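Given next are the chains, with one letter for each unit.
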Amino acid sequence: MDTAYPWPPDQSFWTGTFPDHTTGRTTPFLFKGIIPATVAGPDDVLTGFEAIRRAHAAGTDIKAHARVYVGEDRRDDLLPQALTAPSWDGGVDAFVPWMQGLAGAERFSLVVNNLETVSPALAAGLGTFLKTLIDGWGLPLGGAEQVAFAGNYAGTAFGIHEGYEDAFLVHLGPNAKNFYCWPAEQYEKLTGGKEPTFGDYRALLEEAEHFLLEPGDALFLPRRVFHVGTQDTFSVSVAMPLYTYPYAQILQSRIIPDVLADLAGDGPDDPLNEPSAMADAAAGPGAVADRLAGVGRELLTVAADRVRAAARQHAEQRWTTLLSNGGWELVEGDLSRKEAADAFDSEQVTPGAGIRVIAPYQVTTLLDDDDDGDSHQVLLRGHQVGVALDGAGLDQDTVTALNRGDTLVLPDNAELLTAVRALGATGGLHLTPRPADPKDADA
């Protein structure tokens, strides 16, 4: 199908077309044919599932995990078989009867979380879409995730349910899927509440906005919209929720505890760690409460003065880390990162070897507060590697070229080679060893 949208989506799409079609990013809209088949396909999802099976066989602890459903029942008893049975022989056509045999049912669904950590192809392909989204719309402060839904299920296993983040649902096919949406107010009027609806909800479907998802389509699902998918034949979709954590949550979980910890006093000689006075028995606990409240007000006043600096430091760290990870949320147990790091042979980092950044990751820099203010630490794929920009043979021109996708042929520069070896440990670089010298072959 010819698409009416540019690939990758350009700035005018995100600032004009997208908000225009979605009522200022508040209503669902189906962007037909926006994702080229060369960018993402159902086999990429199955390859990711095969990677999970491979990690399970090796006993490797990873973040990505799969769930099996028959109807609306989560069948954890079937998961061990799905992870250990001999693999299907072929693509989608072989996978469907393979899963049907394991599930003992005609209809099934397989859900995979954090697919971006087990499918380099989808991390890169849909990462291109995510990068344009960040450039044109903005950066979700929690990053984005890929959640795959594969199956021939009559209805999404979660029933009609509410989404709590803005998201895109990318449909990969090979067959079509029906999708139904209800604004929160409409759903509450129809059902009397916000609880998910399971079982027979055919009457509700008649009141919904209906979308027919075909391969290459991307449905924008705004937050707080209720939705469900149905289908008669096998297909695969990948949801991309955009995690925009509340500011209060970030402050409560990360910034304020750090500020208060710095004010807690340093060792027994610090005035803040002076033991409390013996409490006057006659005065009772009220005097103790007054003193605690007074000290608390003093600490919070000082803390308030420090929050801005702490917030800036946290925001810069979060911002730089997310961009270096291609916009995907940073998680422990990223299998594709581990495998890329394992494949990087630091002994092959020699003059004449070639390096390139693995898409969609980026080399980013963060000001080193412990230095004189001129040193920038380098991050790649979400990890700070102890390399200083311009201080270890890695200059801004080299970073720009790598982020542009260029392959850099390494010069005879010891400092740069050391920096590259450190960057390779992040799993963010692909290394092409130096071509063999014909003279060496003849020796």
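> Explain empty space enclosed by the protein to me, using residue names and the numbers behind them.
In this structure the tally under the stated criterion is one cavity of 30 Å³ or more. Considered as a void within the structure, the largest cavity measures approximately 30 Å³ in volume. Contributing to the lining of the largest cavity are E116, T117, N325, W328, E329, D334 and Y361. Split into classes, the residues belonging to the lining of the largest cavity amount to two nonpolar, two polar and three charged.

> Residue-level account of the sheet that holds strand 15 (residues 376-380), with values.
The sheet built from three strands is open, its strands ordered 14-15-16 with antiparallel pairing. The sheet is open, and its two edges are formed by strand 14 (363-367) and strand 16 (383-388), each paired on a single side. Averaged over all pairs of adjacent strands, the angle between strand axes in this sheet comes to 35 degrees, irrespective of strand direction. As paired elements, strand 15 and strand 16 share three bridges and run antiparallel to each other. Looking at strand 16, one finds that L380 is bridged to H383. Sitting on the sheet, helix 12 (residues 414-424) touches strand 15 and strand 16, and the angle it makes with strand 16 is about 175 degrees.

> Hey, could you go over the pattern of salt bridges for me, with residue numbers and the actual values?
If the charged atoms of two oppositely charged side chains come close together, the side chains can form a pair. Per the counting criterion, the structure on display carries 16 salt bridges. Here K32 and E214 are joined by a salt bridge, their closest N and O atoms 2.8 Å apart. Remark: E214 occurs in the loop between strand 9 (209-213) and strand 10 (218-221) and K32 occurs in the loop between strand 1 (29-31) and helix 2 (42-58); sequence separation between them is 182 residues. E214 sits in the partly exposed class, given a relative accessible area of 28%. When the shortest N-O distance is used, the salt bridge between D334 and R381 registers 3.8 Å. Of this pair, D334 sits in the loop between helix 9 (285-324) and helix 10 (335-343) while R381 sits in the loop between strand 15 and strand 16, placing them 47 residues apart in sequence. Overall, D334 belongs to the buried group, its relative accessible area being 12%.

> Could you give an account of the nonpolar core, with specific residues and numbers?
Within the largest apolar cluster, 85 residues are counted, with the highest numbers of intra-cluster contacts made by F49, F95, L126 and F168. Residues contacting L126, with those up to four places away along its chain left out, are I35, V39, A40, Q146, V170, V238, M240 and W328. In this structure, V111, A157, C181 and L221 belong to the second largest nonpolar core, which totals 16 residues.

> Any details on a nonpolar patch on the surface? Residues and values, ideally.
Taken together, I256, L260 and L300 make up a surface patch of nonpolar side chains, about 250 Å² in accessible area. Within the secondary structure, I256 sits in helix 8 (residues 247-262).

Calculation notes
Residues numbered from 1 in each chain as written. Predicted model: local features only at pLDDT ≥ 70, side-chain atom pairs only at ≥ 80, totals over all residues. Heavy atoms only, no water. 1 Å grid on protein atoms, 1.4 Å probe; cavity = no way out; pocket = protein on both sides within 12 Å on 5 of 7 lines; lining within 4 Å. Points joined across faces, edges and corners; volume = space filled by probe spheres on them. Nonpolar A, V, L, I, M, F, W, Y, C, P; charged D, E, K, R; others polar. Pairing = 2+ DSSP bridges. Helix = DSSP H or I, 4+ residues; strand = E, 2+ residues; numbered from the N terminus. Axes fitted to C-alpha atoms, helices over the stretch in contact; angles between N-to-C directions. Contact = heavy atoms within 4.5 Å. Salt bridge = Lys/Arg side-chain N within 4 Å of Asp/Glu carboxyl O. Buried < 20%, exposed > 50% of the residue type's maximum accessible area, 1.4 Å probe, protein only. Core = buried A, V, L, I, M, F, W, Y, C linked by side-chain atoms within 4.5 Å. Patch = residues over 30% accessible without salt bridge, like charges linked within 9 Å, V, L, I, M, F, W, Y side chains within 5 Å. Areas by Shrake-Rupley, 256 points an atom, 1.4 Å probe, with all protein chains shown as cover.

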